[in-house]
Amino acid sequence: MSIFNWFSKNKPKEELPAAQVEQAEQTQAALEKTRTGFLSKLGRLFTGKRQVDGDFLDELEEVLLTSDVGVETTVQIIQNLEQRVSKDAYVSEEELHELLADEIAKLMPDIQMPVVKDLHLTGASSPYVVLVVGVNGVGKTTTIGKLAHHYAQLGKKVILGAGDTFRAAAVEQLSIWQNRAGVSIVSHGMNTDPASVAYDAVKQAVEEHADVVIIDTAGRLHNKVGLMNELSKIRRVIEKFKPDAPHEVLLVIDATTGQNAFEQAKQFTAATQVNTLAVTKLDGTAKGGVVIGVSHAYQLPVKYIGLGEKAEDLKLFNKYDFIKSIFVS
């Protein structure tokens, strides 16, 4: 089976609309740095050899680790490959690509929740409450603004909660996005109680029959115990007003940070029960492997990827498009 046939066999069979075809092409263009670096390293593995032996797997392990796939995921991939080639250790470069693509697809969990197609809310409780977490500088507030824009374009009534009350720029930035998207915002200003902002945002959304509430949170260093306690408090306050919320806790990580993203995921999942992932700045890095590693290590489905600065550059993630972008030129 060729690598092209692998994607034909494994990708969902529905007819792709033009918008999804365009998105797949944008994903491939954005991941050019990752693809070029990864494939060039794989290509060097085959110089003068065709046998998948111990030495080959050791070198493949190094390729995966230097591509920021992460230790846990790399070990799992190597173990799975060892089992698959135990009967026939001779594979072509294309066959290796197919094996790797298959293992990566298996390791990355799929989204098991509403809001999976064109950002529509399907089967979601109203209002749908999204709590957005992540350290400063990863593009968290910008991601919120882009989500608000997309939902507003779909005719959804959106309320933003300016819960990052420790950083003036965050409140101002969110207000700018609020005006651009034409949505509502709940803001108590600087140095106020973030949990109170979250509570009031959800309360207003319920009273006004809004469709979506997106709440920003503080993003100081992930090793600050006080911040993590504050995030846990925000969640508890939301649950008191709306027991089934937040429906989504979205962790935003920056692909360019490499291995540091794993520690961020560890800390935030422990504090806030993260259930989805957004990866920003994929267009500017060769470290796209972090998407695979963090998703697998913490069993977090990747929901959005950021491929540029414009609102339209925030895309729903499709793991088959992502894998194809790495392995097929």
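Refer to the structure presented above.
Let me sum up the structure you'll find in this document. Along each chain, residue indices are assigned from 1 in the same order as the chain's sequence is written. Only residues with pLDDT of at least 70 get local features here, since the model is predicted, and only at 80 or more are side-chain atom pairs given and counted; chain-wide, interface and lining totals rely on the full set of residues. Only hydrogens and water are set aside when side-chain values are computed; all heavy atoms of the structure are taken into account.

**Regarding the overall build of the protein**
And step 1. Helices and strands together make up the secondary structure of the protein, namely 13 helices and eight strands.
And step 2. Exposure classes here rest on a 1.4 Å probe applied to the protein chains alone. A residue is buried below 20% of its type maximum, exposed above 50%, and partly exposed in between. The buried share of the protein, reckoned over its 329 residues, is 53%.
And step 3. Reported accessibility uses the Shrake-Rupley method at a 1.4 Å probe radius. Residues are deemed covered only where the shown protein chains occlude them. With an accessible surface of roughly 14,100 Å², the protein has 48% of that area assigned to carbon and sulfur atoms. Only DSSP runs of H or I covering at least 4 residues are called helices, and only runs of E covering at least 2 are called strands; the numbering of each starts at the N terminus.

**What about the pairing of strand S1 (residues 128–133)?**
And step 1. Counting buried residues along S1, six of its six residues qualify, which places the element largely inside the surrounding structure.
And step 2. At least two bridges found by DSSP between two strands is the condition for calling them paired. By the bridge criterion, four bridges tie S1 to strand S4 (residues 212–215) in an arrangement that is parallel. The residue bridging valine 130 from the neighbouring strand is isoleucine 214, located in S4.
And step 3. Relative to strand S5 (residues 248–254), S1 is paired through four bridges, and the arrangement is parallel. Note that in S5 the partner of valine 133 across the bridge is leucine 251.

**Notes on unusual backbone geometry**
And step 1. In this structure, proline 246 follows alanine 245 across a cis peptide bond, with omega equal to -5°.
And step 2. You can see proline 246 is positioned in the loop between helix H10 (225–241) and S5.
And step 3. Positive phi outside glycine occurs at asparagine 191, with the angle close to 55°.
And step 4. Tracing the backbone through its elements, the reader meets asparagine 191 in the loop between strand S3 (184–186) and helix H9 (194–207).
And step 5. Look at asparagine 191 and you get exposed, because its relative accessible area is 61%.
And step 6. Positive phi, close to 55°, is recorded for glutamine 273, a residue that is not glycine.
And step 7. With respect to the helices, strands and loops of the structure, glutamine 273 is situated in the loop between helix H11 (260–272) and strand S6 (276–280).

**What about the sheet that holds S4?**
And step 1. With mixed pairing, eight strands are arranged side by side in an open sheet as S3-S2-S4-S1-S5-S6-S7-S8. In this open sheet, the two strands that pair with only one neighbour each are S3 and strand S8 (314–316). Direction aside, neighbouring strands of the sheet carry axes that sit 25° apart on average.
And step 2. Where strand S7 (residues 302–306) meets S8, three bridges bridge the pair, whose relative direction is antiparallel. From the neighbouring strand, glycine 306 faces S8, where its bridge partner is leucine 314.
And step 3. Along the sheet, helix H8 (residues 168–181) makes contact with strand S2 (158–161) and S3, crossing S3 at roughly 155°. The axes are straight lines fitted to the C-alpha atoms, using for helices just the contacting stretch, and the angles between their N-to-C directions are given from 0 to 180°. A contact between two residues is defined here by any heavy atoms of the two lying within 4.5 Å.

**Some remarks on the environment of serine 92**
And step 1. Here serine 92 shows up in the loop between helix H5 (71–84) and helix H6 (93–107).
And step 2. Sequence separation of serine 92 and valine 52 is 40 residues, and the distance between their C-alpha atoms is 9.7 Å.

**Observations concerning the pattern of salt bridges**
And step 1. Criterion for a salt bridge: a side-chain nitrogen of Lys or Arg within 4 Å of a carboxyl oxygen of Asp or Glu. In this structure the tally under the stated criterion is 14 salt bridges.
And step 2. A salt bridge links lysine 233 to aspartate 193, with the shortest nitrogen-to-oxygen separation between them at 3.7 Å. In this pair, lysine 233 is assigned in helix H10 and aspartate 193 in the loop between S3 and H9, connecting sequence segments 40 residues apart.
And step 3. Shared partners join several salt bridges into a network, and the residues in it are Arg84, Asp102, Glu103 and Lys106.

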